[in-house]
Amino acid sequence: RHLVNVARGGIVDEEQVSDALHTGVLTSYAADVFATEPLPVSSPLLGCPGFIGTPHIGGATTEAQRRVGTQLAHAVVDVLVRRTRPHDGVLASPE
């Protein structure tokens, strides 16, 4: 049995996951989000068999930042030059 949390820290009870790993109820637990970030040295998860923890940095790559910057620049041009307007997070024509 495996559990993965890449959604939000705090939705998984880390103390219970630690117990489940130590007793064999869970074989592995992988997460990149935690109730307290960065994961404190006192976390019950550290040292658990089958625990894999990584920092939540998926959007911090050079490529991701470049893509977001390019999308933002295009959105600004669309608003200023093409006279479109932001609408619910996307650009829509005012017609």
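Given the structure is predicted, the values throughout are model-derived calculations rather than measurements.

1. Comments concerning the confidence of the model for the protein chain
Residues with a pLDDT of 70 or more make up 83% of the protein chain, whose mean pLDDT is 84. Within the protein chain, helix 1 (residues 14–23) carries the highest mean pLDDT (97), whereas strand 5 (residues 90–92) carries the lowest (48). Confidence drops under a pLDDT of 50 for residues 91–95, and excluding neighbours within four residues, the segment shows 14 contacts in the predicted structure.

2. Let's talk about the packing of aromatic side chains
Inspection of the entire model under this criterion finds two aromatic pairs. When the ring of tyrosine 29 is compared with that of phenylalanine 51, the centres are 6.2 Å apart and the planes differ by 20 degrees; the resulting orientation is stacked. Remark: phenylalanine 51 occurs in strand 3 (residues 51–53) and tyrosine 29 occurs in strand 2 (residues 28–31); sequence separation between them is 22 residues. Between the aromatic rings of phenylalanine 34 and phenylalanine 51, the centroid separation amounts to 6.3 Å while the plane-to-plane angle is 70 degrees, which identifies the pairing as edge-to-face. Linking phenylalanine 34 in the loop between strand 2 and strand 3 with phenylalanine 51 in strand 3, this pair joins segments that are 17 residues apart in sequence. Accessibility assignment for this pair places phenylalanine 34 and phenylalanine 51 in one class, buried. Among the aromatic residues, ring-to-ring pairing joins Tyr29, Phe34 and Phe51 into one connected group.

Rules used in this analysis
Residues numbered from 1 in each chain as written. Predicted model: local features only at pLDDT ≥ 70, side-chain atom pairs only at ≥ 80, totals over all residues. Heavy atoms only, no water. pLDDT = per-residue confidence, 0-100. Helix = DSSP H or I, 4+ residues; strand = E, 2+ residues; numbered from the N terminus. Contact = heavy atoms within 4.5 Å. Phe/Tyr/Trp six-rings, centres within 6.5 Å; stacked < 30°, edge-to-face > 60°. Buried < 20%, exposed > 50% of the residue type's maximum accessible area, 1.4 Å probe, protein only.

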